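Chain by chain, the residues run as shown.
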Amino acid sequence: DEIDPDATMIEPGSVMTIPLAFGDLDLSGSGTVTYVTPDGTVLGFGHAMNATGAASMPFANGYVQFFVPSRDSSFKQAGSLKIVGTILRDENVGVSGQAGQYFTSAPVQVDVMTPAQPRKQFNYQVVHQQGMTPQIAATVVAASMTWAQDLPLENTIYADITMNFPGGRTLKYKSVSSPGDPRDLVMKIAPVIGFMKNNPFEELDLESMSVTLRVEPQLKAMEMTRVWLATPEVAPGETVKVFAQFQPTDAPEVTMQMELKVPEQTPEGDYPLFVGGADVYAAVLAQSSPELFDISSVDDAVATLNKIGSLPETAVYATLAIPNQGLAVGRSRLNDLPSSRAAMLLTPSTQSVAPVATLVNVRQKTERVVQGQAQLVVNVRKPYRGVTATEDE
């Protein structure tokens, strides 16, 4: 029989739940009402929820679906009915709350396309709760993907994620994983929301999030099997030809050719060349571009996160790193500085100053996620201009 939420009382012995996400999904903790004071304060649980002291979480009346007896630790499965108030204290001995809405939440919309199922849209509200919001927001996204059935064993997950924060700050990125796992999305969403909440500059709660998920029932990946250069030695201004061989999961082996032009003013030397997917290029970018990670405000962090998040994951990147080609002063990059000016800037100052590398990069798009990486060495040598001996000599 259906349970009438309006007829279900909050009273000693009744079920109370604390929803952390609600809407098309009920994600909540449940307990028992201990006592209701004459002024309407509700005491419950008899133990902590999170023991945070001050709190701001909704509480709802509820019901028990079933009990699971166990010699070690019996438990009950309960569900929420109707939000009737707000938990304001969360102590070791229990929780307490009052009628009225004193909590805030963020809308999360998830649009899901999975094989052999109709397109489905889910709408949730995720409660702002210190330390838990990032995981809860990511969990409702991951749970949406398996609303009707588990994913195919061989699959590719395409995700388009937009997260909005106060002050008009928006983070956007696309993700492709093959084979995909809903837990991968948790690891891509939760740390970002956690950083924005706990960054050292300005505490920002998630305002809203929208995610579009598309699952295809086949693998879209290819593994790098071999990488080589047409010639390991080139002169400044010449072109480096890189060949990379890949084995797709469901197709014959393919070979790609990429070309990078060495800058005219490159000094003689041996320089590393990296070949791989977006993760490989992002790692090289992080090591070679300190200005991107000179973060002094939330807006700096948003700009860097959006730059890294905009890198297409279905692409092959070949990157030649030529060190000491300029300086990063704060978030500004100064290339090809005369040595005298570079020395001046490297003296102690209030701004962070670090040498930077020039990255010569080429990207070739594919329809597959690239697995594996390689590092080669390019020998840059100036052409020999000496006098050639004649036969008479």
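Conventions used here
Residues numbered from 1 in each chain as written. Predicted model: local features only at pLDDT ≥ 70, side-chain atom pairs only at ≥ 80, totals over all residues. Heavy atoms only, no water. Helix = DSSP H or I, 4+ residues; strand = E, 2+ residues; numbered from the N terminus. Buried < 20%, exposed > 50% of the residue type's maximum accessible area, 1.4 Å probe, protein only. Contact = heavy atoms within 4.5 Å. 1 Å grid on protein atoms, 1.4 Å probe; cavity = no way out; pocket = protein on both sides within 12 Å on 5 of 7 lines; lining within 4 Å. Points joined across faces, edges and corners; volume = space filled by probe spheres on them. Nonpolar A, V, L, I, M, F, W, Y, C, P; charged D, E, K, R; others polar. Core = buried A, V, L, I, M, F, W, Y, C linked by side-chain atoms within 4.5 Å. Pairing = 2+ DSSP bridges. Axes fitted to C-alpha atoms, helices over the stretch in contact; angles between N-to-C directions. Phe/Tyr/Trp six-rings, centres within 6.5 Å; stacked < 30°, edge-to-face > 60°. Expected span 1.5 Å × (residues − 1). Parallel < 35°, antiparallel > 145°, perpendicular 65-115°, else oblique. Left-handed = near helix turned anticlockwise from the far one by under 90°.

Some remarks on the overall build of the protein chain
Then, number 1: Helix and strand counts for the protein chain come out as five helices and 21 strands.
Then, number 2: Residues counted as buried form 43% of the 393 residues belonging to the protein chain.
Then, number 3: Relative to all contacts within the protein chain whose residues are 6 or more apart in sequence, the contacts with residues 24 or more apart total 68%.

Observations concerning the layout of surface pockets
The probe, sized like a water molecule, is rolled over the atoms to show the empty space still left.
Then, number 1: Here the largest pocket is characterised by a volume of approximately 530 Å³.
Then, number 2: Along its surface, the largest pocket is lined by 25 residues, and Lys 174, Ser 175, Lys 188, Ile 308 and Glu 313 are the ones closest to its centre.
Then, number 3: Residue assignment for the lining of the largest pocket shows that the elements contributing at least two residues are strand S10 (169-177), helix H2 (182-198), helix H3 (278-288), helix H4 (298-309) and strand S20 (369-371).
Then, number 4: Element by element, the count of residues in the lining of the largest pocket is highest for S10, at seven residues.
Then, number 5: Looking at the lining of the largest pocket residue by residue, the class counts come to 12 nonpolar, seven polar and six charged.

Section: the nonpolar core
Then, number 1: The biggest cluster of nonpolar side chains holds 50 residues, and the ones touching the most others in it are Met 16, Val 141, Ile 161, Met 163, Ile 189, Met 209 and Leu 213.
Then, number 2: Considering each element in turn, this core owes the most residues, seven residues, to H2.
Then, number 3: Formed by 26 residues, the second largest nonpolar core is a distinct cluster that contains Val 242, Tyr 271, Leu 273 and Val 380.

Details of the sheet that holds strand S15 (residues 254-261)
Then, number 1: One open sheet accounts for four strands, arranged S15-S14-S12-S20; its pairing is mixed. Sheet topology places S15 and S20 at the edges, where each strand pairs with a single neighbour. Between one strand and the next, the sheet's axes are offset by a mean angle of 40°, whatever the strand orientation.
Then, number 2: In this structure, strand S12 (residues 221-229) lies alongside strand S14 (residues 239-248), joined through seven bridges in antiparallel fashion. Across the sheet, residue Glu 223 finds its bridge partner in S14, namely Gln 247.

Re the environment of Arg 226
Then, number 1: Tracing the backbone shows Arg 226 in strand S12.
Then, number 2: Taking C-alpha positions, Arg 226 is 5.0 Å from Gln 245, a pair spaced 19 residues apart along the chain.

Structural notes on the packing of aromatic side chains
Then, number 1: Considering all chains together, one arrives at four aromatic pairs under this definition.
Then, number 2: Centroid distance Tyr 281 to Tyr 317: 5.1 Å. Interplanar angle 5°. Geometry classified as stacked. Residue Tyr 281 is found in helix H3, and its partner Tyr 317 is found in strand S17 (residues 315-329); the two are separated by 36 residues along the sequence. Take Tyr 281 and Tyr 317: they sit in the same class, and that class is buried.

Concerning empty space enclosed by the protein
Then, number 1: A full pass over the atoms with the stated rule returns one cavity of 30 Å³ or more.
Then, number 2: Space inside the largest cavity adds up to approximately 50 Å³.
Then, number 3: Lining the largest cavity we find Gln 129, Gly 131, Thr 133, Pro 134, Ile 193, Lys 197, Leu 204, Asp 205 and Leu 206.
Then, number 4: Elements with a minimum of two residues in the lining of the largest cavity: helix H1 (133-144) and H2.
Then, number 5: Its residues assigned to classes, the lining of the largest cavity shows four nonpolar, three polar and two charged.

Regarding the environment of Pro 290
Then, number 1: Checked against the element boundaries, Pro 290 lands in the loop between H3 and H4.
Then, number 2: For the pair Pro 290 and Val 356, spaced 66 residues apart in the sequence, the C-alpha separation amounts to 7.0 Å.

Section: the side chain of Ser 175
Then, number 1: Among the secondary structure elements, Ser 175 is positioned in strand S10.
Then, number 2: For Ser 175, a relative accessible area of 4% gives the class buried.
Then, number 3: What Ser 175 contacts, discounting residues up to four positions off in sequence, is Ile 157, Tyr 158, Ala 159, Lys 188 and Glu 313.

Quick look at unusual backbone geometry
The phi angle of most residues is negative, glycine excepted, and most peptide bonds adopt the trans form.
Then, number 1: The omega angle of the peptide bond from Ser 178 to Pro 179 is -5°, so this bond is cis rather than trans.
Then, number 2: Even without being glycine, Phe 45 reaches a positive phi, approximately 75°.
Then, number 3: Among the structural elements, Phe 45 can be located in the loop between strand S3 (42-44) and strand S4 (53-68).
Then, number 4: A residue is classified by how much of its surface remains accessible, and Phe 45, at 10% relative accessible area, is buried.

A closer look at H1
Then, number 1: Between its terminal C-alpha atoms H1 stretches 17 Å, which fits the 16 Å expected from 12 residues at 1.5 Å a residue.
Then, number 2: Of all 12 residues making up H1, nine are buried, and the element is well covered by its neighbours.
Then, number 3: Buried within H1 we find Thr 133, Pro 134, Ile 136, Ala 137, Ala 138, Val 140, Val 141, Ala 142 and Ser 144.
Then, number 4: Buried residues belonging to H1 abut strand S1 (15-23), strand S2 (27-36), strand S7 (105-113), strand S8 (120-127), H2 and strand S11 (208-216).

Looking at the pairing of strand S21 (residues 373-380)
Then, number 1: Pairing analysis gives two bridges linking strand S13 (residues 233-234) to S21, with the strands arranged parallel. Considered in S21, the bridge of Glu 233 is made with Asn 379.
Then, number 2: Bridge analysis of strand S16 (residues 269-276) against S21 gives eight bridges, and the strand direction is antiparallel. By the bridge assignment, Asp 270 is partnered in S21 with Asn 379.

A look at the packing of H1 against H2
Then, number 1: Direction vectors running N to C along H1 and H2 enclose 150°, while the axes themselves pass 8 Å from each other. Put simply, H1 runs roughly antiparallel to H2. For the crossing formed where H1 meets H2, the hand is right-handed. On H2, the residues touching Pro 134, Gln 135, Ala 137, Ala 138, Thr 139, Val 141 and Ala 142 of H1 are Pro 182, Leu 185, Val 186, Ile 189, Ala 190, Ile 193 and Gly 194.
Then, number 2: Classifying every residue of the contact of H1 with H2 by side-chain character gives 11 nonpolar, three polar and no charged.

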